[in-house]
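Observations on the model geometry
One-letter residues, chain by chain:
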Amino acid sequence: MKLKLYFFTASLLLILCACDNHIYTPALYHQDIAYQPKPASFDTTKTASYLSGGMNYYADQAWTDLLVSGQVNYSRGYVYNNFNLAYGVFGVAGDYAKGNNGTAPDSFNDKFFGALGARASANLFTSYERMDFRYLGVEMAYSHEFGSFAEFRRFINMQPGYQADTRTELFTVGLTSEVIFHNQHNVNIEHGLRFFLGGTFGPNPVGDDKNYASSTLTPAPFRDLFPKVSYFINAGHFFGVAEIGSAVFIRAGYKF
């Protein structure tokens, strides 16, 4: 009987300890990359500007809290013979919702976060009738985070039993592959599908910690590298993008 009681007590202590080892990561961690539209080889205009806005939904690394944000993007795209590129800037404003009014150091309802950043991308491609195969591309993004959630991570990282990645500047780079094509009877309607795989550079203060491994459902290979799939549609001057990775990002915009 005593042995069972000891076993139960030890198990309860392990569960309680695991609950304290929640990892708080930057608000844009693994979600700073976003699809950048570019003119296709079959477009009459070889240079274009793109202005868009959208919503991003993201579960934190422990899959317990929700981050919701709005994002505004402006970019400029160019296409040349078998090569294209784009660059742009973006702004983010969002909320980290936890909904916890307890007395623990990490108890709170929500925290504001914002970010400003820049992105760039380029592709090599081959044309096939009404399709461009962008077989090799590179995407990169820099972001600077601010707000009460960044301040909270600095605070909680100094509390016993808690860990946080206190970085407010992220630089992410990855490779892409994409196909983009126009409708058979309407060259002004385009569809694109892109796959991205990349990672965030710089030291991750908690990335190799054993508690990080036990507190996240993210498969081990994708704690550093992360994938993202993007769908793009363009109809005349209007376009939309839907992206799925560690976050769900949907936006619409105007091309001019």
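A few points on the structure. Predicted model, so just to flag it, every value in this text is computed and none were measured.

Focus on the pattern of salt bridges
If you walk through the whole model with that rule in mind, you get nine salt bridges. Residues Asp65 and Lys98 are paired through a salt bridge, measuring 3.6 Å at the closest nitrogen-oxygen approach. One end of the pair, Asp65, is in the loop between strand E2 (47-59) and strand E3 (66-80); the other, Lys98, is in the loop between strand E4 (83-97) and strand E5 (110-128), and 33 residues separate them in sequence. Arg134 is the salt-bridge partner of Glu178, the closest N and O atoms lying 3.3 Å from each other. A residue pair is termed long-range when its members are at least 10 positions apart, and Glu178 in strand E8 (residues 169-182) and Arg134 in strand E6 (residues 131-146) qualify at 44 residues. Residue Glu178 is classed as buried on the basis of its relative accessible area, which comes to 2%. With relative accessibility at 0%, the residue Arg134 sits in the buried group.

Points about the pairing of E8
Along E8, the buried face is formed by Leu170, Thr172, Gly174, Thr176, Glu178, Ile180 and His182; none of Glu169, Phe171, Val173, Leu175, Ser177, Val179 and Phe181, which line the opposite face, is buried. Bridge analysis of E8 against strand E9 (residues 189-200) gives 11 bridges, and the strand direction is antiparallel. Residue pairing in the sheet places Ser177 in a bridge with Phe195 of E9. Counted between consecutive antiparallel strands, the loop separating E8 from E9 contains six residues.

Structural notes on helix H2 (residues 148-156)
Within the span of H2, buried status applies to Phe149, Ala150, Phe152, Arg153 and Ile156. Looking straight down H2, one finds that the buried residues subtend no more than 160 degrees of arc, so they occupy a single side. Where the residues of H2 are buried, they touch strand E1 (23-24), E4, E5, E6 and strand E7 (163-164).

Rules used throughout
Residues numbered from 1 in each chain as written. Predicted model: local features only at pLDDT ≥ 70, side-chain atom pairs only at ≥ 80, totals over all residues. Heavy atoms only, no water. Salt bridge = Lys/Arg side-chain N within 4 Å of Asp/Glu carboxyl O. Helix = DSSP H or I, 4+ residues; strand = E, 2+ residues; numbered from the N terminus. Buried < 20%, exposed > 50% of the residue type's maximum accessible area, 1.4 Å probe, protein only. Pairing = 2+ DSSP bridges. Arc of directions from axis to C-beta. Contact = heavy atoms within 4.5 Å.

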